[in-house]
Amino acid sequence: MRYVRRLVAGTLAAGALALSLTGCGESVEPIERLGRKTTQEPSQTPSASASASAPGSSPAPAQGGASDEAYKKWGLTAPVQYAPKPAQKPQIPKAAPGKVPVIDRIPLPAGEKIVFLTFDDGAEKDPEFLKMAADLKLPISMFLTDSVASSDYGHFEKLRDNGSASTVNNHTLTHPNLRTLSFEAQKKEICGQQDKLEKRFGQRPPLFRPPFGNYNDDTLRAASECGVSSILLWKVSMQINNFQYAQGSALQPGDIILAHFRGPSELKGATEIQMTTRMLQRIQEQGYKIGRLEDYL
């Protein structure tokens, strides 16, 4: 991928932060690293976590929602545990007028061990992954980049409509480092993808993830003007076999997990199925349930 070969590491400090947040090491050259000039600045939202279910027309991925045998089919030794939709949404700090809040972890009541699945970009379109996600009823928040996902938006429509209450959200038109762009250029990237996704999927996405996790004050204003309600970052990224943590060495309640739609050419021969199985195994090993992100926002 010529797109990947243009990777530029910034300073040593930036590279160290990128290791924990965008997943270097054993990783895959995910699109979060494409063209990187600078790295993410995590927001300071409170820690804690939440859980999942589905709205009106889509079946809720409640605990036990997947068939009893589905987990065996996909290489797991126990069923995936899902958190029910919370009775009350957590308090998310409000943004200044004309801006949107930045969220990197969902605040949860004490004792609730719940994490959230997000997949970015849309480069890989593996039909077997559609079967896996449907069988296991994985509630995935998708953040799609038009330049790589639009070759087959139908793939992601199937993922959205498989009964898991998965959602489609915004990851810009072309995946630039927004901090290098003017306000108007940022607005074009964000609003342009809002318009495309609304036209294709019938709904204007409420959530936006800036490429590489990079944003500035103009991003917060542009996202607000484009109809975005929240900017979503992450604290944990899934590599080929294991997690990379921004803080500590284990999952924390409310963690938003970043994964990518990636195939063997970027996963060093592993498949999207294998990566996802390992991710679910790591979640199970640490005793966490999976929640539907949008139920908490």
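Provided above is the structure to which this section pertains.
Residues numbered from 1 in each chain as written. Predicted model: local features only at pLDDT ≥ 70, side-chain atom pairs only at ≥ 80, totals over all residues. Heavy atoms only, no water.

A. Expanded view of unusual backbone geometry. For histidine 175, which is not glycine, the phi dihedral falls at a positive 65°. By the secondary structure assignment, histidine 175 is in the loop between β4 (167-170) and α7 (183-201). The phi angle at phenylalanine 212 is positive, at roughly 65°, despite the residue not being glycine. Along the chain, phenylalanine 212 turns up in the loop between β5 (207-208) and α8 (217-225). Its relative accessible area of 1% is what places phenylalanine 212 among the buried residues. (Helix = DSSP H or I, 4+ residues; strand = E, 2+ residues; numbered from the N terminus. Buried < 20%, exposed > 50% of the residue type's maximum accessible area, 1.4 Å probe, protein only.)

B. Summary view of the packing of α7 against α8. Contact geometry of α7 with α8 gives a least axis separation of 9 Å together with a crossing angle of 45°. Here α8 runs oblique to α7, going by the angle between their axes. As α7 packs across α8, the resulting crossing turns out to be right-handed. Seen from α7, the contacting residues are Phe183, Gln186, Lys187 and Ile190; seen from α8, they are Asp218, Thr219, Arg221, Ala222, Ala223 and Glu225. Counted by class, the contact of α7 with α8 contains four nonpolar, two polar and four charged residues. (Axes fitted to C-alpha atoms, helices over the stretch in contact; angles between N-to-C directions. Parallel < 35°, antiparallel > 145°, perpendicular 65-115°, else oblique. Left-handed = near helix turned anticlockwise from the far one by under 90°. Contact = heavy atoms within 4.5 Å. Nonpolar A, V, L, I, M, F, W, Y, C, P; charged D, E, K, R; others polar.)

C. Spatial organisation of the packing of aromatic side chains. For the structure on display, the rule yields seven aromatic pairs. On the basis of an interplanar angle of 70° and a centroid distance of 5.1 Å, the ring pair of phenylalanine 156 and phenylalanine 261 is categorised as edge-to-face. Here phenylalanine 261 lies in the loop between β9 (256-260) and α9 (272-285) and phenylalanine 156 lies in helix α6 (residues 153-160), a separation of 105 residues in the sequence. The class for phenylalanine 156 is buried, based on a relative accessible area of 0%. For phenylalanine 261, a relative accessible area of 0% gives the class buried. Clustering of aromatic rings is evident, with ring pairs tying together Phe119, Phe129, Phe156 and Phe261. (Phe/Tyr/Trp six-rings, centres within 6.5 Å; stacked < 30°, edge-to-face > 60°.)

Note that every value here comes from positions in space, so none of it alone points to a role or purpose.
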